[in-house]
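Spelled out, the chains give:
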Amino acid sequence: MTRTLDKLRRRGPRLALVASALLVAAGLSAPAALAADDYTQSVSQLSSTQVQINFTPTTPALYVDVHYTGVPGLGQQNVRMTNGSGTWRTTVGGLSTGNTLDYWFTYEKSGPQYDTPHFSYTVGGGTTTVAAPTFSPPGGTYSSAQTVTLSSATSGATIRYTVDGSTPTASSTLYSGPISVPNSRTVNAIALKSGSTTSPVSSATYTIGTQAGCPTQSDTPDFGPNVRIFDPGMSAATIQAQLDTDFNNQKDTLTAQMADRRVAHLFKPGTYNNVHDNVGFYTSVAGLGQNPGDVLINGDVTVDAFNASDNGVALQNFWRSAENMAVNPSGGNERWAVAQAAPFRRMDVRGGLQLYPASYGYASGGYIADTKVAGQAASVSQQQWYTRDSQLGSWAGGVWNMVFSGTSGAPANTFPNPPETTLATTPVSRDVPYLYVDGSGKYRVFLPSLRTNASGPSWANGSTPGTSAPMSQFYVVKSGDTAASINNALSAGCNLFFTPGVYHLNQTLNVTKANTTILGIGYPTLVPDNGVNAMQVSDVDGVRLKGLLFDAGTTNSQALLTVGQSGSSASHASNPTTIQDVFFRIGGAIAGKATNSLIVNSSDTIIDHIWAWRADHGNAGTYGWTTNTADTGLVVNGANVLATGLFVEHYQKYQVIWNGQGGKTIFFQNEMPYDVPNQASWNAPSGVAGYAAYKVASNVTTHEAWGLGSYCFFDTNPAVSSYHAFEVPNTSGVKFHDLLTVSLNYRGTITHVINDAGGVTPSGTVPVNVVSYP
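None of the values given here were measured: they were computed from a predicted structure.

**A word on the overall build of the chain**
Alright, step 1. Each helix and strand in the chain was counted, giving 3 helices and 59 strands.
Alright, step 2. Expected size for 774 residues packed as a compact globule is a radius of gyration near 28 Å; at 26 Å, the chain falls within 12% of this value.
Alright, step 3. The principal-axis extent of the C-alpha atoms belonging to the chain is close to 75 × 60 × 55 Å.
Alright, step 4. A burial count over the chain gives 59% of its 774 residues as buried.
Alright, step 5. Of the roughly 25,900 Å² of accessible surface on the chain, a fraction of 49% belongs to carbon and sulfur atoms.

Given below as structure tokens:
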């Protein structure tokens, strides 16, 4: 992403509200439901001051909003409900016995939107909800089989449970005594009592024996020289001096972008006043609390167009991150003006969030997840952006495609005018593993639970659900470690914690054990030497990869990361492998080569925010058509793989090849290669001009994708063209929504958007939009 766009059309800020809230605010309603059996609804009394409103549609709904009055001191409330196994729920507090709620619903059914009649509920006149079961010992990692006791705080309640990952019902196995858990599994349970509402589902995941052989590591490890750990007892001046030193080393786009320096800033729980962390290249900033509010920065965590050479644009603000803290911005607005590989996760922004440079210059695209923004999030000059499982005060702006899933406060789905693509929920998600400090000062890694049809931050109603593992089960990788020492730790059953640094590998890292976590901070960079593949993950349950940068070596590797063996077919739906904030680079720093960057053979894998990038710029001699060679960024062979936040750019053949059935992608940003020398060297095997950016194999019968963009900038030879950006089989089960193509500065053309649909890219850097296909 280095081009300067001459005529980028920008749309100014606007306040966006969901359609149902607009109708309610205007005193209007959608058509009434045609049949009373469209849904069931109820209210459960949780306590003397809280009730839970429940709505179960007969036909699965994309969204359900509840509108209610009757809470003392509050006017009408309009709330997007949360979906759990088909029932949508919202908790209402601040009530007293005798208060009467007046409530009604707006719900989606097969496209149209409907309103229900009004209902009422008087507090103190309904049933109570049974307390959810608790587990002893809690879920976690254990060296041997466990005996698990279940209990409910509601006297006289019975408990039903499952151990196969399914949702328990009133006919599931009755709990009558302690459960034996001899091997790794998830236990789900509900509590029931006659005359009361059944409890929510409780879950606990037990990992048995996986890390039993890991030689005990320190719970207060030495993280090496590149990790800064700040304590609220330190003076603001001392903290600021270190932050400024690191920033000065990491900020310059011309000298730091391809350097080997890596650093992490970790803040222990507490409040930090007058702290301003400007975040440069290869810098991770994170709180060490179990939840974002445990670390409060009264100040700023900022990315901007910092350097004179940036010319006010943020198109190269790569490789930096912020995670797991609350920020009270000094000027009322946080600024996070980034391009690719710069995640903003588990953040509690107690103000606004500006995703563009202070200069209003161009920015390329980015990613937010599991985050709350109290004020307005404004994109302004961002080309594309993806926001997942978050809560926004409001959203403003959009250039080509702003994509949201599971985000309250997101604009309505209005693509292409304005260019907003909005899904009510995220089909499957799991928050990232993260480091924190417990009450005794020991370090642990929290492992969030899997979510289905998620909406809003995982921590919105308290602590993120999940389990944690002590650092005694993590091998801390730091300077001096080799592929052999890392593989020894893996084979012994250890998890891995990579500290900031560059690690050369003369053998493949082999991840063979289920539920292994590999967590990196400060952009640890894995470089395969002598043509080896950097990492191979076996076809097992629950591997979590987070925070790694794979940088291709100068001898070609067949693949940088492979998940599952070829032909893998086992189901991992209840405990998938997750690939999160994992980035791939071919060239730029060194003249790297790799045929493929990421190959996914395992079914049900979640690819949650990757950037696979064949460099179009960098150190002299590290990039060029015959220098940093790479065919494809992502190859998916597994079934039911989900990609949420997929960035793939500049590869020399297909950017993405999807061979597996049942795949889904939410958000795709792509640029075709800049440096194609001539058309003859870049025609697809089918004979059409150029390679599609996203190819779904001809034998695939089910695939769906939302919010996709592909750009061309054939700078070396503007006579080059691509016949289409998206190539898919023409079948009813393969569906694409809200996609576009753009010719940047009219350097070459894309003839069609998807197959033969959509026109040729015009001059003026104007998108060609397709709302749906077929």
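**Observations regarding the pattern of salt bridges**
Alright, step 1. Tallying each qualifying case throughout the model produces 18 salt bridges.
Alright, step 2. Arg585 is the partner of Asp551 in a salt bridge, and the nearest nitrogen-oxygen pair spans 2.7 Å. Highlighted residues: Asp551 in strand E45 (residues 544-551) and Arg585 in strand E47 (residues 578-586), separated in sequence by 34 residues. Just as Asp551 is buried, Arg585 falls in that class too.

**Notes on the sheet that holds strand E50 (residues 632-636)**
Hydrogen bonds between backbone atoms are what pair the strands of a sheet, whose relative direction is either parallel or antiparallel.
Alright, step 1. Pairing is parallel across the open sheet formed by 9 strands, whose spatial order is E41-E44-E46-E48-E50-E52-E54-E56-E58. With partners counted over all chains shown, the strands left at the sheet margins are strand E41 (509-511) and strand E58 (749-754), one partner each. Direction aside, neighbouring strands of the sheet carry axes that sit 25 degrees apart on average.
Alright, step 2. In terms of strand pairing, strand E56 (residues 721-727) meets E58 through 4 bridges, oriented parallel.

**Concerning the environment of Gly233**
Alright, step 1. Mapped onto the fold, Gly233 is located in the loop between strand E18 (227-230) and helix H2 (236-250).
Alright, step 2. Under the relative-accessibility criterion, Gly233 is labelled exposed at 69%.
Alright, step 3. As for Gly233 and His276, which are separated by 43 residues in sequence, their C-alpha atoms are 17 Å apart.

**Concerning helix H3 (residues 483-491)**
Alright, step 1. Taken as a whole, H3 has its buried residues at Ala483, Ile486, Asn487, Ala489 and Leu490. One side of H3 carries all its buried residues, which in axial view fall inside an arc of 155 degrees. More than 90 degrees from the buried face of H3, the exposed residues found are Asn488 and Ser491.
Alright, step 2. Each element contacted by the buried residues of H3 is listed here: strand E38 (474-477), strand E39 (495-498), strand E40 (502-505), E41 and strand E42 (517-520).
Alright, step 3. Just downstream of H3 lies Gly493, where phi reads positive at about 100 degrees.

**Here's the deal with the state of the cysteines**
Alright, step 1. Per the stated rule, a full pass over the model turns up 1 disulfide.
Alright, step 2. Here Cys214 is linked by a disulfide to Cys494, with a sulfur-sulfur distance of 2.0 Å. The chirality of the disulfide connecting Cys214 with Cys494 is right-handed, given an S-S dihedral of about 95 degrees. Of this pair, Cys214 sits in the loop between strand E17 (202-208) and E18 while Cys494 sits in the loop between H3 and E39, and the two are 280 residues apart along the sequence.
Alright, step 3. Its relative accessible area of 1% is what places Cys494 among the buried residues.

**Quick look at the packing of aromatic side chains**
Alright, step 1. For the structure on display, the rule yields 45 aromatic pairs.
Alright, step 2. The interplanar angle of 20 degrees and the centroid separation of 5.8 Å between the aromatic rings of Tyr386 and Phe667 together place this pair among those described as stacked. Note that Tyr386 is positioned in strand E29 (residues 382-388) and Phe667 in strand E53 (residues 663-671), a separation of 281 residues in sequence.
Alright, step 3. Both rings, one in Trp658 and one in Tyr694, keep their centres 6.1 Å apart while their planes meet at 20 degrees; by these two values the pair is stacked. Placement of Trp658 in strand E52 (residues 656-658) and of Tyr694 in strand E54 (residues 694-696) is noted, with a sequence separation of 36 residues between them.

**Regarding the nonpolar core**
Alright, step 1. Within the largest apolar cluster, 80 residues are counted, with the highest numbers of intra-cluster contacts made by Met535, Tyr694 and Phe736.
Alright, step 2. With near-sequence residues (within four places) excluded, Tyr694 lies in contact with Leu646, Val656, Trp658, Thr665, Phe668, His703, Ala705, Leu708, Ala725, Phe726, Glu727 and Phe736.
Alright, step 3. Counting 32 residues, the second-largest nonpolar core is a separate cluster that includes Val301, Ala342, Leu355 and Trp385.

**Quick look at unusual backbone geometry**
Alright, step 1. Look at the link from Phe415 to Pro416: it is a cis peptide, with omega at 5 degrees.
Alright, step 2. In this structure, Pro416 sits in the loop between strand E31 (401-405) and strand E32 (420-423).
Alright, step 3. Here Tyr773 and Pro774 are connected by a cis peptide whose omega angle stands at 0 degrees.
Alright, step 4. Looking at the secondary structure, you find Pro774 in the segment after strand E59 (768-773).
Alright, step 5. Backbone geometry places Asn745, a non-glycine residue, at a positive phi of 55 degrees.
Alright, step 6. On the secondary structure map, Asn745 appears in the loop between strand E57 (734-743) and E58.

**Overview of the confidence of the model for the chain**
Alright, step 1. Here the chain averages 91 in pLDDT, and 92% of its residues register 70 or above.
Alright, step 2. Within the model, the stretch residues 2-36 combines pLDDT values under 50 with 86 contacts to residues more than four positions away or in other chains.

**Some remarks on the sheet that holds strand E34 (residues 434-437)**
Alright, step 1. If you walk across this open sheet you meet the 3 strands as E34-E35-E37, and the pairing is antiparallel. Both outer strands of the open sheet, E34 and strand E37 (466-470), are each paired with one neighbouring strand and no more. Ignoring strand direction, the axes of neighbouring strands in this sheet form an average angle of 35 degrees.

**Structural notes on H2**
Alright, step 1. Here H2 is 15 residues long and its end C-alpha atoms lie 21 Å apart, about the 21 Å a rise of 1.5 Å per residue gives.
Alright, step 2. Burial in H2 covers these residues: Ile239, Gln240, Leu243, Asp246, Phe247 and Gln250. Viewed end-on, H2 has its buried residues packed into an arc of 130 degrees, placing them on one side of the element. Exposed side chains of H2 directed beyond 90 degrees from the buried face belong to Ala237 and Asn248.

**What about the side chain of Ser603?**
Alright, step 1. Mapped onto the elements of the fold, Ser603 is located in the loop between strand E48 (594-600) and strand E49 (606-614).
Alright, step 2. Reaching out from Ser603, the side chain makes a polar contact with the backbone nitrogen of Ala639 at a distance of 3.3 Å.
Alright, step 3. Beyond its immediate sequence surroundings of up to four residues, Ser603 is in contact with Ser569, Ala570, His572, Gly638 and Ala639.

Criteria and thresholds
Residues numbered from 1 in each chain as written. Predicted model: local features only at pLDDT ≥ 70, side-chain atom pairs only at ≥ 80, totals over all residues. Heavy atoms only, no water. Helix = DSSP H or I, 4+ residues; strand = E, 2+ residues; numbered from the N terminus. Rg over C-alpha atoms; globule rule 2.2 N^0.38 Å. Buried < 20%, exposed > 50% of the residue type's maximum accessible area, 1.4 Å probe, protein only. Areas by Shrake-Rupley, 256 points an atom, 1.4 Å probe, with all protein chains shown as cover. Salt bridge = Lys/Arg side-chain N within 4 Å of Asp/Glu carboxyl O. Pairing = 2+ DSSP bridges. Axes fitted to C-alpha atoms, helices over the stretch in contact; angles between N-to-C directions. Arc of directions from axis to C-beta. Contact = heavy atoms within 4.5 Å. Disulfide = S-S within 2.5 Å. Phe/Tyr/Trp six-rings, centres within 6.5 Å; stacked < 30°, edge-to-face > 60°. Core = buried A, V, L, I, M, F, W, Y, C linked by side-chain atoms within 4.5 Å. pLDDT = per-residue confidence, 0-100. Expected span 1.5 Å × (residues − 1). Polar contact = N/O pair within 3.5 Å; in protein donor to acceptor, adjacent residues only side chain to side chain.

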